[in-house]
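# A structural walkthrough
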Amino acid sequence: MVPERENARERTPSGATAASRPRTRLDQPLPPRRRFLPEYDPEAFGRLSERIARFLGTGRFIVWMTVVIIVWVAWNILAPSHLRFDEYPFIFLTLMLSLQASYAAPLILLAQNRQDDRDRVNLEQDRKQNERSIADTEYLTREIAALRMGLGEVATRDWIRSELQDTIKEMEERQNGHRHDPVVLPAERSRGRDADDR
């Protein structure tokens, strides 16, 4: 009887605030919230801004802009009065040019920021590549130094040839000086010592 009452207490929320508030389940994702602002892909918008900024920085844009302004002014001066849409102070033209400039400046800044990000990534990759190249160069330098030290202890062909020539000269001198004495080679000397030791 008592365990049933405890189970009932666990099931019913206690207090007025707990009863009025719905319990959220932690094992399920929250439903998506409604957004009042339009959603857009920042990467696509960035690519579009780079294209526009690249076009604004060309001579073709300046030529087209000059042609449009000349046609605009000529139309509003030379056309019949009932066909003119922007009279002499050209207020509408000024408004259009300021609107174009107000959109062009942020687009150019956005394109520059994206280029800065790319440059930063390229610099980081170049720095890592340089570090790897320096490490490889240091490793190869150590290996070459070890090989040079090892070759310093190895008998080279020239050294062996010079030693043999010195030995031959020494033997010839002994033969010329002591023709009657037999020439004793180092190997034969060691054999004689071995026999004496026995």
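Residues numbered from 1 in each chain as written. Predicted model: local features only at pLDDT ≥ 70, side-chain atom pairs only at ≥ 80, totals over all residues. Heavy atoms only, no water.

Take the overall build of the protein next. Assigned secondary structure in the protein consists of seven helices and zero strands. Listing the helices and strands of the protein from first to last along the sequence gives α-α-α-α-α-α-α. The buried share of the protein, reckoned over its 198 residues, is 8%. As displayed, the protein offers around 18600 Å² of accessible surface, 59% of which is attributable to carbon and sulfur atoms. (Helix = DSSP H or I, 4+ residues; strand = E, 2+ residues; numbered from the N terminus. Buried < 20%, exposed > 50% of the residue type's maximum accessible area, 1.4 Å probe, protein only. Areas by Shrake-Rupley, 256 points an atom, 1.4 Å probe, with all protein chains shown as cover.)

Here we come to the packing of aromatic side chains. If you walk through the whole model with that rule in mind, you get four aromatic pairs. Taking the centre distance of 5.6 Å and the plane angle of 75° together, the rings of F55 and F61 count as edge-to-face. Residue classification places F61 among the buried positions, given a relative accessible area of 16%. Residues W72 and F85 carry aromatic rings whose centres are separated by 5.1 Å and whose planes lie at 75° to one another, so their mutual orientation is edge-to-face. One end of the pair, W72, is in helix α4 (residues 59-78); the other, F85, is in the loop between α4 and α5 (91-152), and 13 residues separate them in sequence. (Phe/Tyr/Trp six-rings, centres within 6.5 Å; stacked < 30°, edge-to-face > 60°.)

This part is about a nonpolar patch on the surface. A contiguous nonpolar surface patch, about 810 Å² in accessible area, is contributed by W75, L83, F85, F92, L95, M96, L99 and Y103. Sort the elements by how many residues they give to the nonpolar patch and α5 lands first, with five residues. Mapped onto the fold, L95 is located in helix α5. (Patch = residues over 30% accessible without salt bridge, like charges linked within 9 Å, V, L, I, M, F, W, Y side chains within 5 Å. Salt bridge = Lys/Arg side-chain N within 4 Å of Asp/Glu carboxyl O.)

Next up on the list: the side chain of R114. With respect to the element layout, R114 can be found in helix α5. Only 3.3 Å separates the side chain of R114 from the side chain of E43, close enough to count as a polar contact. (Polar contact = N/O pair within 3.5 Å; in protein donor to acceptor, adjacent residues only side chain to side chain.)

All right, on to unusual backbone geometry then. With a phi close to 50°, F90 is a non-glycine residue in the positive phi region. Looking at F90, the relative accessible area reads 12%, which means it is buried.

What follows covers the environment of Q100. Within the element layout of this structure, Q100 appears in helix α5. Classification of Q100 by relative accessible area gives partly exposed; the value is 27%. Apart from the residues lying within four places of it in its own chain, the contact partners of Q100 are L56, F61 and M65. (Contact = heavy atoms within 4.5 Å.)

In this section: the side chain of E50. Mapped onto the elements, E50 comes out in helix α3 (residues 42-56). Judged by its relative accessible area of 10%, E50 falls in the buried class. Every residue in contact with E50, bar those within four places of it in the chain, is listed here: A111, R114, Q115 and R118.

Between α3 and α5, whose axes approach to 8 Å, the crossing angle comes to 110°. In this view, α3 runs roughly perpendicular relative to α5, as classed from their interaxial angle. Along this stretch, α3 crosses α5, giving a crossing that reads as left-handed. Here E43, F45, G46, R47, S49, E50, I52, A53 and L56 of α3 come into contact with α5, specifically with Q100, A104, L107, I108, L110, A111, R114, Q115 and R118. Among the residues forming the contact of α3 with α5, the class breakdown is nine nonpolar, four polar and five charged. (Axes fitted to C-alpha atoms, helices over the stretch in contact; angles between N-to-C directions. Parallel < 35°, antiparallel > 145°, perpendicular 65-115°, else oblique. Left-handed = near helix turned anticlockwise from the far one by under 90°. Nonpolar A, V, L, I, M, F, W, Y, C, P; charged D, E, K, R; others polar.)

Glancing now at the pattern of salt bridges. For the structure shown, the criterion picks out eight salt bridges. We note a salt bridge from R114 to E43, for which the minimum N-O separation is 3.3 Å. Of this pair, R114 sits in helix α5 while E43 sits in helix α3, and the two are 71 residues apart along the sequence. Its relative accessible area of 16% is what places R114 among the buried residues. Assessed through its relative accessible area of 41%, E43 is described here as partly exposed. Ionic pairing is found between R84 and E87, a salt bridge with its closest N-O pair at 3.8 Å. Exposure remark for E87: the relative accessible area of 42% places this residue in the partly exposed category. Where salt bridges share partners, they join E43, E50, R114 and R118 into one cluster.

Keep in mind these numbers describe shape, not what the thing actually does.
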